[in-house]
Amino acid sequence: MGYSNQVMDKIVSLAKRRGFVFQSSEIYGGLNGCWDYGPLGVELLRNVKDEWWRVMTYREDIEGIDASILMHPRVWEASGHVENFTDPMVDCRQCKARYRLDVLFEETSIKKQKDALRELDPQRFQGQQKDEVIIAEFTKLAETAPSSLLKVLSCPNCGNKGTFTEARQFNLMFKTFVGPVEDSGAVVYLRPETAQGIYVNFLNVQSASRQKIPFGIAQLGKAFRNEINTKNFLFRTREFEQMEMQYFVKPGTDEKWFEYWREQRMQWFIDLGLPKEKLRWNQHPPDKLAHYAKTAYDIEFEFPFGWGEIEGVHNRTDYDLSRHEQYSGKSMKYFDDETKERFTPYIIETSAGASRSYMAFLVGSYAEEEAPTAEGATDVRAVLKLHPRLAPTKAAIFPLVNRDGMPEIAKNIERDLRPHLRVFYDDSGAVGRRYRRQDEAGTPFCITVDSQTLEDQSVTVRDRDSMLQERVAVSQLKPYLRDKLLR
Ligand code: GAP
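## As for the overall build of the protein chain
On a plain count of helices and strands, the protein chain comes out with 17 helices and 23 strands. Across its three principal axes, the protein chain shows a C-alpha extent of roughly 80 × 70 × 50 Å. The contacts in the protein chain between residues at least 6 apart in sequence include a share of 65% that link residues at least 24 apart. Here the protein chain displays about 24,000 Å² of accessible surface, and carbon together with sulfur accounts for 49% of that area. For the protein chain, the distance from the average site of its 68 positive side-chain charges to the average site of its 72 negative ones is 2 Å.

Pasting the structure below:
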């Protein structure tokens, strides 16, 4: 097994063992593409969302909203999702495995690419060719003549060749019905993005909040996509959460605001502790742009399985508001009081996955490092170096031993801190073990009541990352922790 797979396996196993993420409906064998967040996981996810909500809506130019998941079906015709939100899909006739066409091609090894090209054009691909040449030719064929490749590729699941069906377009929206009759007139969709709930409410929010352009509307919530292939833990799931903000601007100022939001969004991930060298921008080439976008950049994070998008920043022009105006027959134009102009604003969208960001924070904070044991030796500790604001538990409180009045003092500290912070009390096992358990859970501070506490009412506070301990007066614990957690 490759090193990166091993790391991923360790993180998935830690996530389950420590109650971050469980497979959905596990006792029934699980439901593909769906996950449940356990006691620590739900705290981490809430903290990710709270941090996003705080930076987005605690500013004077952005308002929040919480629109319904089910919307009028015309919304998805206007948005282009009924027509365009599709992925090409192929099935293996032999074993019934199903693949997204582009993923099938992307995951074909260079050796298999070479074999396929040799079979299609033996003369040209007989001898030794550089990998770059093979990749370029294979990619060209994948785009221009996918059917020919499908005839010579083997199914990754059963190994049979020539068993793929022709590619078909598959709409990723989940359908359901409103009311008791399941006919075509009752079809509605589970929203595949939260953005549309913002567009259709643009003028409601603008007039209720008396915002003037430029201003934004932020929303976070569930979105659903019937992905053909779910994979890589929380990376591509069928039910997930998005954190989207749509910024309405005057046409002509859109490029300036696009750059502004690009910078803000990258900085958010850095400020919350993702290593800079594991983040990069990926610009969508013109022929790969979504149907609504003029320009689009993804923020990518380097996961153990490779680079993957965690957020998109898109210049959506006036596409969405114009389409809703056209489909609803209602004006979506903004009237500028000062210039007396009426116009359709352009939209700069920042669209992050809460669950994907969560996974990036989990993966980005995971470390294994040598740590001293109580006996003076060293062992390897697994630690989640989560930013203190994201950490599910902020502090753990231990009595060094269960006698001499130490548990009573520790319990008093717990009682005192609990209304303000999520804390954890632990009195079982050696203190070194207790530290390791908190390291794995990402708890930034461990407070220990020891024999000196009995003399001078001070405790040790151990920092998770440096493992250094400081003595702090019990009476100063609250301001001490508040100061560290507000950073
Ligand atoms: N409103 C624009 C929009 O939805 P997107 O690039 O399709 O754009 C935005 O999605 C973000 O939503 C992605 O960057 C990703 O973080 C998250 N996302 C999309 N599909 C996902 C899936 N199947 N599972 C988990 N997260 C997903």
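Having put the structure on the table, let's press on.
## Concerning the site of the ligand
For the ligand, the set of nearby residues contains 21 residues, the closest of which are Glu193, Glu227, Glu244, Glu309 and Glu349. Arg225 places a side-chain nitrogen or oxygen 2.8 Å from an oxygen atom of the ligand. Take Gly353: an N or O atom from its main chain is 3.0 Å from an oxygen atom of the ligand. Alone, the ligand offers 550 Å² of accessible surface; in the complex the protein occludes 93% of this. Residue assignment for the shell around the ligand shows that the elements contributing at least two residues are strand 10 (239–249), strand 13 (306–317) and strand 16 (346–353). Broken down by element, the shell around the ligand gets its largest block of residues, six residues, from strand 13. Here the shell around the ligand is built from residues that sort into five nonpolar, six polar and ten charged.

## Remarks on the sheet that holds strand 23 (residues 469–473)
Taken in spatial order, the five strands line up as 20-19-21-22-23 in an open sheet, and their pairing is mixed. Strand pairing shows two members of the sheet lacking a second neighbour, strand 20 (423–425) and strand 23, which therefore form its edges. Averaged over all adjacent pairs, the angle separating strand axes in this sheet is 25°, with direction ignored. Here strand 19 (residues 395–399) pairs with strand 21 (residues 445–449) via five bridges, running parallel. When the bridges of strand 21 are listed, Ala395 appears paired with Phe445. Against the sheet, helix 14 (residues 406–417) engages strand 19, strand 20, strand 21 and strand 22 (458–463), with an angle of about 160° to strand 19.

## Concerning the pairing of strand 23
In this sheet, strand 23 lies alongside strand 22 in antiparallel orientation, the contact comprising five bridges. Within strand 23, the position partnered with Val461 by the bridge is Glu470.

## Quick look at the pattern of salt bridges
Considering all chains together, one arrives at 44 salt bridges under this definition. The partner of Lys212 in a salt bridge is Asp337, with the nearest N and O atoms 4.0 Å apart. Of the two residues, Lys212 is situated in the loop between helix 10 (202–209) and strand 9 (215–224) and Asp337 in the loop between strand 14 (334–336) and strand 15 (341–343); the sequence distance between them amounts to 125 residues. For Asp416, the salt bridge goes to Lys478, with nearest N and O atoms at 3.6 Å.

## Some details on the packing of aromatic side chains
For the structure shown, the criterion picks out 23 aromatic pairs. Ring geometry for Tyr99 versus Phe164: centroids 6.0 Å apart, planes at 85°, classification edge-to-face. Here the residue Tyr99 occupies a position in strand 5 (residues 98–100), and Phe164 occupies one in the loop between helix 8 (146–152) and strand 6 (168–171), the gap between them amounting to 65 residues. By relative accessible area, which is 13% here, Tyr99 ends up buried. Residue class for Phe164 comes out buried when judged on its relative accessible area of 6%. Judged by centre distance (5.0 Å) and plane angle (50°), the ring pair of Tyr247 and Trp257 falls under tilted. Here Trp257 lies in helix 11 (residues 254–271) and Tyr247 lies in strand 10, a separation of ten residues in the sequence. No difference in accessibility class separates Tyr247 from Trp257, as the two residues are buried.

## Some remarks on the layout of surface pockets
Counted as a void, the second largest pocket has a volume near 370 Å³. Lining the second largest pocket we find 19 residues, and of these Leu104, Glu107, Thr108, Ser154 and Pro156 sit closest to its centre. If you list the elements that add at least two residues to the lining of the second largest pocket, you get helix 5 (101–106) and helix 6 (110–120). With four residues, the single largest contributor to the lining of the second largest pocket is helix 6.

## Here's the deal with the packing of helix 6 against helix 7 (residues 131–144)
The relative placement of two packed helices comes down to the angle between their axes together with the axis-to-axis distance. The geometry of helix 6 relative to helix 7 is characterised by a closest axis approach of 10 Å and an angle of 65° between their N-to-C directions. The pairing of helix 6 with helix 7 is recorded here as roughly perpendicular in orientation. When you trace helix 6 past helix 7, the crossing you get is left-handed. The residues of helix 7 that touch helix 6, namely those facing Ile110, Gln113, Lys114, Ala116, Leu117 and Leu120, are Asp131, Ile134, Ile135, Glu137, Phe138 and Leu141.

## Focus: helix 7
Along an α-helix, a turn takes 3.6 residues, which lines up residues three or four apart on a common side. An ideal rise of 1.5 Å per residue puts 20 Å on 14 residues; helix 7 measures up with 20 Å between its terminal C-alpha atoms. Residues of helix 7 that are buried: Ile134, Glu137, Phe138 and Ala142. Down the axis of helix 7, the buried set is contained in an arc of 140°. They therefore lie on one face. Looking at helix 7, the residues exposed on the side facing more than 90 degrees away from the buried face are Glu132, Glu143 and Thr144. The elements touched by buried residues of helix 7 are helix 5, helix 6 and helix 8.

## Notes on the sheet that holds strand 11 (residues 279–283)
If you trace the seven strands from one edge of the open sheet to the other, you get 3-9-10-16-13-12-11, paired in mixed fashion. Two strands in the sheet have a free side with no partner beyond their single neighbour: strand 3 (62–64) and strand 11. When the angles between neighbouring strand axes are averaged without regard to direction, this sheet yields 25°. The pairing of strand 3 with strand 9 spans three bridges and is parallel. The residue bridging Gly64 from the neighbouring strand is Ala218, located in strand 9.

## Details of unusual backbone geometry
Residues Ile213 and Pro214 are joined by a peptide bond in cis, for which omega reads 5°. Along the chain, Pro214 turns up in the loop between helix 10 and strand 9. A positive phi angle is found at Ser25, which is not glycine, with a value near 50°. Position of Ser25 among the secondary structure elements: in the loop between strand 1 (21–23) and strand 2 (35–37). According to the relative accessible area criterion, Ser25 is partly exposed, its value standing at 35%. Of note, the phi angle at Met467 is positive, near 65°, even though the residue is not glycine. With respect to the helices and strands, the residue Met467 is situated in the loop between strand 22 and strand 23. With a relative accessible area of 23%, Met467 lands in the partly exposed category.

Parameters at a glance
- Residues numbered from 1 in each chain as written.
- Predicted model: local features only at pLDDT ≥ 70, side-chain atom pairs only at ≥ 80, totals over all residues.
- Heavy atoms only, no water.
- Helix = DSSP H or I, 4+ residues; strand = E, 2+ residues; numbered from the N terminus.
- Contact = heavy atoms within 4.5 Å.
- Areas by Shrake-Rupley, 256 points an atom, 1.4 Å probe, with all protein chains shown as cover.
- Lys, Arg positive; Asp, Glu negative; His and termini not counted.
- Charge placed at Lys NZ, Arg CZ, Asp CG, Glu CD.
- Near = heavy atom within 4 Å.
- Polar contact = N/O pair within 3.5 Å; in protein donor to acceptor, adjacent residues only side chain to side chain.
- Nonpolar A, V, L, I, M, F, W, Y, C, P; charged D, E, K, R; others polar.
- Pairing = 2+ DSSP bridges.
- Axes fitted to C-alpha atoms, helices over the stretch in contact; angles between N-to-C directions.
- Salt bridge = Lys/Arg side-chain N within 4 Å of Asp/Glu carboxyl O.
- Phe/Tyr/Trp six-rings, centres within 6.5 Å; stacked < 30°, edge-to-face > 60°.
- Buried < 20%, exposed > 50% of the residue type's maximum accessible area, 1.4 Å probe, protein only.
- 1 Å grid on protein atoms, 1.4 Å probe; cavity = no way out; pocket = protein on both sides within 12 Å on 5 of 7 lines; lining within 4 Å.
- Points joined across faces, edges and corners; volume = space filled by probe spheres on them.
- Parallel < 35°, antiparallel > 145°, perpendicular 65-115°, else oblique.
- Left-handed = near helix turned anticlockwise from the far one by under 90°.
- Expected span 1.5 Å × (residues − 1).
- Arc of directions from axis to C-beta.

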